[in-house]
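# An overview of the molecular structure
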Amino acid sequence: MDERDIRILKAIADLGTGSPDRLHEETDIPVSTIHYRLQNLREEGIIENDLYDFDLAELGLDVTVIVEVLSDYSDDHDVVLEKLGDIEGVTQVFSTMGETDFIVIARLPGSDAVERLIRDFEMIDEVDRTNSTYVISTDREFTRGIESYSLETLVETLVEE
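Attention in this report is confined to the structure presented alongside it. (Residues numbered from 1 in each chain as written. Predicted model: local features only at pLDDT ≥ 70, side-chain atom pairs only at ≥ 80, totals over all residues. Heavy atoms only, no water.)

### Considerations on the nonpolar core
With 19 residues, the main nonpolar core has L84, L108, L117 and F121 as its most contacted residues. For this core, the secondary structure elements donating two or more residues are β1 (63-71), α5 (77-85), β3 (102-108) and α6 (111-122). Among the elements that line this core, the one with the most residues is α6, at 5 residues. Setting aside residues up to four positions removed in sequence, L108 forms contacts with G60, L61, D62, V63, V65, E88, G89, A113, V114, R116 and L117. I8, L41, I46 and Y52 belong to the second-largest nonpolar core, a separate cluster that totals 13 residues. (Core = buried A, V, L, I, M, F, W, Y, C linked by side-chain atoms within 4.5 Å. Buried < 20%, exposed > 50% of the residue type's maximum accessible area, 1.4 Å probe, protein only. Helix = DSSP H or I, 4+ residues; strand = E, 2+ residues; numbered from the N terminus. Contact = heavy atoms within 4.5 Å.)

Written as structure tokens, this is what we have:
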């Protein structure tokens, strides 16, 4: 994988599409090259399907860290939320109730990036402390959120009458 592949993957993530024409507009990489590279990324397992989902572990972002964030956000909850979400590698931020104020999930390329991630959290004035957990294996991950439901349950609970 080289810089062009990374530029294509970043454009897919930013645009939400794998359209070679749109990717060309975003990256200035020739459409024929984009077609060729998309096929190679599929064969390598980085692009998993026609929806352009990525296998982050195959891409090299194989360290997952779950971080509990305890903070003092007497000024504005949304400001802290935005600061957490702006940290490189953070893929999800959840506002929670209870002792923990936020749960953050980050996908990182290695242990050096974990150290940087924690330093970035500590630089946010409103963050009092964090508790980090390394994920040793992903045993089940549903990217769309409804895979664990039966069709019957989905129809019963979500269809409006």
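After presenting the structure, the write-up continues.
### A word on the sheet that holds strand β2 (residues 90-95)
A sheet is described by the order of its strands in space; here 4 strands give the open sequence β2-β3-β1-β4, paired in antiparallel fashion. Either end of the sheet is taken by a strand with one partner, and the two such strands are β2 and β4 (127-135). When the angles between neighbouring strand axes are averaged without regard to direction, this sheet yields 20°. Judged from the 8 bridges that link them, β1 and β4 form a sheet pairing that is antiparallel. In the sheet register, V65 faces β4, and the bridge partner there is Y134. Along the sheet, α5 contacts β1, β2, β3 and β4; its crossing angle with β2, the most-contacted strand, is approximately 160°. (Pairing = 2+ DSSP bridges. Axes fitted to C-alpha atoms, helices over the stretch in contact; angles between N-to-C directions.)

### Overview of helix α2 (residues 20-27)
Of all the positions in α2, only P20, L23 and T27 are classed as buried. The arc enclosing the buried residues of α2, seen along the axis, measures out at 60°, which places them on a common side. On its buried face, α2 is in contact with α1 (3-15) and α3 (31-43). Of the residues flanking the end of α2, it is D28, one or two places downstream, whose phi is positive at about 65°. (Arc of directions from axis to C-beta.)

### Quick word on the environment of S111
Here S111 is to be found in helix α6. Since its relative accessible area comes to 46%, S111 is described here as partly exposed. Considering only alpha carbons, one finds S111 and T138, 27 residues apart in sequence, at a separation of 17 Å.

### Digging into a negative patch on the surface
A cluster of acidic residues, E43, E44, E48, E58 and E141, forms a negative patch on the protein surface. Take E48: it is sitting in the loop between α3 and α4 (56-59). (Patch = residues over 30% accessible without salt bridge, like charges linked within 9 Å, V, L, I, M, F, W, Y side chains within 5 Å. Areas by Shrake-Rupley, 256 points an atom, 1.4 Å probe, with all protein chains shown as cover. Salt bridge = Lys/Arg side-chain N within 4 Å of Asp/Glu carboxyl O. Lys, Arg positive; Asp, Glu negative; His and termini not counted. Charge placed at Lys NZ, Arg CZ, Asp CG, Glu CD.)

### What about the pattern of salt bridges?
Taken as a whole and assessed by the stated rule, the structure comprises 6 salt bridges. The closest approach of N and O atoms between K83 and E126, which form a salt bridge, is 3.1 Å. Here K83 is found in helix α5, whereas its partner E126 is found in the loop between α6 and β4, with 43 residues between them in sequence. For E126, a relative accessible area of 16% corresponds to the buried category. Within the structure, one salt-bridge network assembled from shared partners comprises D2, D5 and R37.

### Brief notes about the pairing of β3
Buried residues dominate β3, accounting for 6 of its 7 residues. Of the pairings in the sheet, the one linking β1 to β3 comprises 7 bridges and is antiparallel in character. By the bridge assignment for β3, E68 is matched with I103. As consecutive antiparallel partners, β2 and β3 are separated by 6 residues, and within that stretch G98 has a phi angle of approximately 115°, a positive value.

### Describing the side chain of E126
For E126, the side chain forms a polar contact with the side chain of K83, separated by 3.1 Å. The residues touching E126, leaving out its near neighbours within four places in the chain, are L70, S71, D72, V79, V80 and K83. (Polar contact = N/O pair within 3.5 Å; in protein donor to acceptor, adjacent residues only side chain to side chain.)

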